[in-house]
Amino acid sequence: MKKVTINSVASYAGVSKKTVSRVLNNEPNVSDATREKVLKVFKELDYTPNPIARGLAQNRSFIIGCLYDNPSKSYITRVQTGALAACHELNYNLLIHPCELRGEELISNIEHLIQTSRLDGIVLTPPFSDFPELVSFLKSKKIPYARVASAVLEDDSISVRSNDEQGAFEITEHLIKLGHKEIAFIKGHPDHSATEQRFKGYRRALASNGIEFDERLVEEGNFSYHSGVDSARTILDLNPRPTAVFASNDYMAAAVLKLATQMQLRVPDDISIAGFDNAPIARHIWPGLTTIAQPVEEMTQQAVKQLITHISDPQESPYQVTLEAKLITRESTAAIK
């Protein structure tokens, strides 16, 4: 069977080779009708582009890199799901690369990665999305990049985030409306901008409702389950014990729930517990966790799509979007008794 080429597609669709290339790379300047016709021919002829020939012809690798340094496996899985969806739609490949933000050779390692993998662009997830040294390096090398969940909004960067501060405000206010005034808070990793944003939302809710902030009720975590256990021990040993705990992510909240249960505390009758992110664990444990649904997949998908669009057709105006974080109430919180 004769191999189907881009020339075959162009001839069959009655368009130029350049038009087929534009459709293949999701570039502009193609009418919707023509795009649909070419996509239909792709399917009819079972056309699969040759990645090597495609890369050589356009001096691209058609590979997007995604950097991460996050203790939550669930978060990384959701990031990958969103990034892969965008890459699949736009005929790109994805390279997932774990790094340590505090590594001594971070910049040189990233430079080596870009050179050896010939990355067309990079997606920065927390905490890299707010790391100025890395951003400056990428700019100096003219490497296209996009930020996910960044607290920094630059004039010349692609950025997709959720409103963590507002989400934390809403979940804290939810607890307050249930009658809770002694609400403990567990912070996340200090390198992540979300940590400060969620803490700000917590404090704003207290202030808005006339509740005095109490430093004794705040513990330092790092978004890991084990840090949640350590924080929970301190919080649950307080006298008087707080009537509610708001942890900065669901894994730390799950740790609080486990320790509370081991101490024979009834959740939510004796203590209410809330988390953040709406990770799978929030739905799979009992009682289910009240939490904030952070649209991680959607944030990453939009960031990757805009990055690839920028690579194909650079735009002067940045793409900066803030997505809504939604409160989800479950069985782990209830009115104070």
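Predicted model, so just to flag it, every value in this text is computed and none were measured.

Reading guide: rules and limits
Each residue is numbered by its place in its chain's sequence as written, counting from 1. Where local features are concerned, this predicted model is filtered to residues with pLDDT of at least 70; where side-chain atom pairs are given and counted, the filter is 80 or more; whole-chain, interface and lining totals use all residues. Side-chain metrics in this entry use all non-hydrogen atoms of the structure; hydrogen atoms and water are not considered. The way it works is that DSSP assigns letters per residue, a run of H or I at least four long becomes a helix, a run of E at least two long becomes a strand, and they are numbered from the N terminus. Throughout, exposure labels follow a simple rule: accessible area from a 1.4 Å probe, protein chains only, divided by the maximum for the residue type, with under 20% read as buried, over 50% as exposed, and the rest as partly exposed. Here a residue-residue contact requires only that any non-hydrogen atoms of the pair lie within 4.5 Å. Where accessible areas are quoted, they stem from the Shrake-Rupley method and a 1.4 Å probe; at the residue level, only the protein chains shown are allowed to cover. Neither His nor the chain termini are counted; the positive set is Lys and Arg, and the negative set is Asp and Glu. A charge is said to be at NZ when it belongs to Lys, at CZ for Arg, at CG for Asp and at CD for Glu. Ring pairs are drawn from Phe, Tyr and Trp, using the six-membered ring of Trp, whenever the two centres fall within 6.5 Å, and their geometry is named by plane angle: stacked under 30 degrees, edge-to-face over 60, tilted for the rest. For a Lys NZ or an Arg CZ to count as sitting over a ring, it must be within 6 Å of the ring centre and within 35 degrees of the ring normal. Definition used in this section: a nonpolar core is a set of buried Ala, Val, Leu, Ile, Met, Phe, Trp, Tyr and Cys residues joined via side-chain atoms within 4.5 Å. Any helix carries an expected span of 1.5 Å times its number of residues minus one. Here, the arc refers to the directions that run from the helix axis to the C-beta atoms. How far each domain reaches was decided by an automatic or database domain assignment. By definition, two strands form a pair when at least two bridges between them are found by DSSP. Between N-to-C directions, angles cover 0 to 180 degrees, with each direction set by a line fitted to C-alpha atoms, over the stretch in contact for helices.

*Asks:* Help me understand the overall build of the protein chain, please; the structure alone is not making it clear to me.
*Replies:* Along its length, the protein chain carries 13 helices and twelve strands. Projected onto its principal axes, the C-alpha coordinates of the protein chain cover approximately 75 × 40 × 35 Å. Burial status across the protein chain gives 52% buried among its 337 residues. Of the contacts formed within the protein chain by residues at least 6 apart in sequence, a portion of 73% connects residues at least 24 apart. Carbon together with sulfur atoms contributes 49% to the accessible area of the protein chain, which is approximately 16400 Å² in total. The averaged location of the 41 negative side-chain charges in the protein chain is 7 Å from the averaged location of its 37 positive side-chain charges.

*Asks:* What exactly am I supposed to notice about the packing of aromatic side chains here?
*Replies:* Geometry of an aromatic ring pair is reported as the spacing of the ring centres plus the angle between the planes. Tallied over the full model, the rule gives seven aromatic pairs. One aromatic cluster is present, built from ring pairs that chain together Phe185, Phe199, Tyr202, Phe213 and Phe246. Above the ring of Phe276, the side-chain terminus of Arg198 is found at 3.8 Å from the ring centroid. Positioned above the aromatic ring of Phe213, the side-chain terminus of Arg203 is 3.7 Å from the ring centre.

*Asks:* What is the right way to read unusual backbone geometry from this model?
*Replies:* Outside of glycine, negative phi angles account for most residues, and trans bonds account for most peptide bonds. A cis amide bond links Pro126 to the next residue, Pro127, at an omega of 5°. When you line up the elements, Pro127 lands in the loop between β3 (121-124) and α7 (132-140). Cis rather than trans, the peptide bond between Trp286 and Pro287 has omega equal to -5°. As for its placement among the helices and strands, Pro287 is situated in the loop between α12 (280-284) and β10 (291-293). Of note, Asn91 is a non-glycine position whose phi angle comes to about 60°, a positive value. Examined against the element boundaries, Asn91 turns out to sit in the loop between α5 (73-89) and β2 (93-98). Here Asn91 falls in the partly exposed class, since its relative accessible area comes to 32%. The phi torsion at Phe223 lies on the positive side, around 80°, for a residue other than glycine. Tracing the chain through its elements places Phe223 in the loop between β7 (218-219) and α10 (225-236). A relative accessible area of 7% means that Phe223 is categorised as buried.

*Asks:* Looking at this structure, how should I read the nonpolar core?
*Replies:* In terms of nonpolar packing, the biggest core is built from 41 residues, with Tyr202, Phe246 and Ile273 touching the most fellow members. Looking at this core, the elements that each hand over two or more residues are α8 (164-177), β6 (183-186), α9 (193-208), α10, β8 (244-247), α11 (250-262) and β9 (272-274). By residue number, the principal contributor to this core is α11, which donates six residues. The residues touching Tyr202, leaving out its near neighbours within four places in the chain, are Ala168, Phe169, Thr172, Ile183, Ala184, Phe185, Phe213, Leu217, Val218 and Phe246. Grouped together as the second largest cluster of nonpolar side chains are 25 residues, Tyr75, Cys87, Ala149 and Val304 included.

*Asks:* Any chance you could explain helix α6 (residues 106-117) here in plain terms?
*Replies:* Quick reminder: α-helices carry 3.6 residues per turn. Residues three or four places apart thus point the same way. Here α6 spans 16 Å end to end across twelve residues, near enough to the 16 Å set by a 1.5 Å rise per residue. Buried within α6 we find Leu106, Ile110, Leu113, Ile114 and Ser117. End-on view of α6: buried residues confined to an arc of 95°, all on one side of the axis. Relative to its buried face, α6 has exposed residues pointing more than 90 degrees away, namely His112, Gln115 and Thr116. The inward-facing, buried residues of α6 contact β1 (63-68), β2, β3 and α7.

*Asks:* Mind showing me how you'd approach the domain arrangement of the protein chain here?
*Replies:* The extent of an interface is frequently quoted as the accessible surface area lost upon association of the parts. Domain boundaries in the protein chain define domain 1 (6-49), domain 2 (58-162 + 296-323) and domain 3 (164-294). Put simply, the middle of domain 1 and the middle of domain 3, counted by C-alpha atoms, are 52 Å apart.

*Asks:* I keep staring at the pairing of strand β5 (residues 158-162) and nothing clicks. Help me out?
*Replies:* The side chains of a regular strand alternate between the sheet's two faces. Most of β5 is tucked away: four of the five residues are buried. Where strand β4 (residues 145-148) meets β5, three bridges bridge the pair, whose relative direction is parallel. Counted as the bridge partner of Val148 is Val160 from β5. Of the pairings in the sheet, the one linking β5 to strand β11 (residues 320-323) comprises four bridges and is parallel in character. Along β11, the bridge assignment pairs Val160 with Val321.

*Asks:* Can you walk me through the sheet that holds β1 in this structure?
*Replies:* Think of a sheet as strands paired side by side through backbone hydrogen bonds, with each pair either parallel or antiparallel. In spatial order, the strands read β2-β1-β3-β4-β5-β11; together these six strands make up an open sheet with parallel pairing. Bordering the open sheet on either side are β2 and β11, each of which pairs with just one other strand. Ignoring strand direction, the axes of neighbouring strands in this sheet form an average angle of 15°. Here helix α13 (residues 296-312) sits on the sheet and contacts β1, β3, β4, β5 and β11; the angle it forms with β5, its principal contact strand, is near 170°.

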